[in-house]
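# Analysis of the macromolecular model
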Amino acid sequence: MSLIDNYNSVSSRLSAAYELGKSAGTAKTEPVLIAVSKTHPASDIQELYDAGVRVFGENKVQELCEKEEILPKDIEWHLIGHLQRNKVKYIVGKVALIHSVDSLRLAEEISKEAGKAGVTCDILLEVNVAEEESKFGISTAETEELARQISVLPGVRIRGLMTIAPFVENPEENRVYFRKLRELSVDIAGKNIDNVYMDVLSMGMTGDFEVAAQEGATFVRVGTAIFGQRSYPV
Ligand SMILES: *Cc1c(COP(=O)(O)O)cnc(C)c1O
């Protein structure tokens, strides 16, 4: 199977899952598939690009910047991994969306760099819905308050929420977390906070993207099912 065959197969599974969610009333817009290219060479990205794919995700700032530099300029890059404040300056203006904001201090840094660059930076709040110790992200209880604090910062626009669900054998086990994230997003949207949009839900990876799509994901982040196993863990 070529990379584009893999991509197309994920893409059709995604559409089918979305149709189920639409019938169930839990999904409203067809999710966008982010091809998560971390650890894989730029040549793999180019191969998919040549077949028409434009939306890619990376979890490390340096790797994203190195690839961005040499690949076509109309690629839409998503930063999906944990972001340190001292790296913000390298990616503001380069990425379409930062999926992993989990503190006011980080958002303030993004605001500062967005101001310098004269851009508005779209972000998601990363929520550790399952409350796993090992994961980054804020708790569901903290989310509204953080959204309110960030909403007043210039140059930053909260578009929605992101979660990384637990690693499980049976993806159905994660349905409860995807549902919780959607409910939280509906809840916060209902508060009508200025400058907080809640039209984006980033959830679902190789093992569970179909369940996430059924539960209303607007972005799914899929690496392994497209590019194959990563040769080293990240
Ligand atoms: C690596 C990664 C993914 C993709 O994981 P796969 O299981 O390979 O699909 C998705 N989201 C984040 C934040 C990641 O770091």
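The rules behind the values
- Residues numbered from 1 in each chain as written.
- Predicted model: local features only at pLDDT ≥ 70, side-chain atom pairs only at ≥ 80, totals over all residues.
- Heavy atoms only, no water.
- Helix = DSSP H or I, 4+ residues; strand = E, 2+ residues; numbered from the N terminus.
- Rg over C-alpha atoms; globule rule 2.2 N^0.38 Å.
- Buried < 20%, exposed > 50% of the residue type's maximum accessible area, 1.4 Å probe, protein only.
- Contact = heavy atoms within 4.5 Å.
- Areas by Shrake-Rupley, 256 points an atom, 1.4 Å probe, with all protein chains shown as cover.
- Lys, Arg positive; Asp, Glu negative; His and termini not counted.
- Charge placed at Lys NZ, Arg CZ, Asp CG, Glu CD.
- Expected span 1.5 Å × (residues − 1).
- Arc of directions from axis to C-beta.
- Near = heavy atom within 4 Å.
- Nonpolar A, V, L, I, M, F, W, Y, C, P; charged D, E, K, R; others polar.

### A closer look at the overall build of the chain
Tallying secondary structure elements over the chain gives nine helices and eight strands in all. Taking 17 Å as the expected radius of gyration for a compact globule of 234 residues, we find that the chain reaches 17 Å, a close match to that expectation. Projected onto its principal axes, the C-alpha coordinates of the chain cover approximately 50 × 40 × 30 Å. Counting all 234 residues of the chain, 51% fall into the buried class. Taking as baseline every contact in the chain between residues at least 6 positions apart, the subset at least 24 positions apart corresponds to 60%. In the structure as shown, the chain presents an accessible area of about 10900 Å², 48% of it carried by carbon and sulfur atoms. The distance from the centre of the 26 positive side-chain charges to the centre of the 35 negative ones in the chain is 3 Å.

### So, helix H1 (residues 3-24)
The end-to-end C-alpha separation of H1 is 32 Å, in line with the 32 Å expected for 22 residues at 1.5 Å each. Among all positions of H1, only Leu3, Asn6, Tyr7, Val10, Leu14, Ala17, Tyr18 and Gly21 are buried. Seen along its axis, H1 keeps its buried residues to an arc of 110°; they face one direction. Facing away from the buried side of H1 by more than 90 degrees, the exposed set consists of Leu20 and Ser23.

### Regarding the site of the ligand
The full set of residues close to the ligand is Val36, Lys38, Ile80, Ile164, Met205, Thr206, Arg221, Val222, Gly223, Thr224 and Arg230. Against a free-state accessible area of 390 Å², the protein chains account for coverage of 90% of the ligand. The residue inventory of the shell around the ligand, partitioned by class, reads five nonpolar, three polar and three charged.

### A look at the environment of Ala130
Within the fold, Ala130 resides in the loop between strand S5 (121-126) and helix H6 (140-151). A C-alpha to C-alpha distance of 29 Å links Ala130 and Glu76, two positions 54 residues apart in sequence. Leaving out residues up to four positions away in the same chain, Ala130 has contacts with Pro166 and Tyr177.

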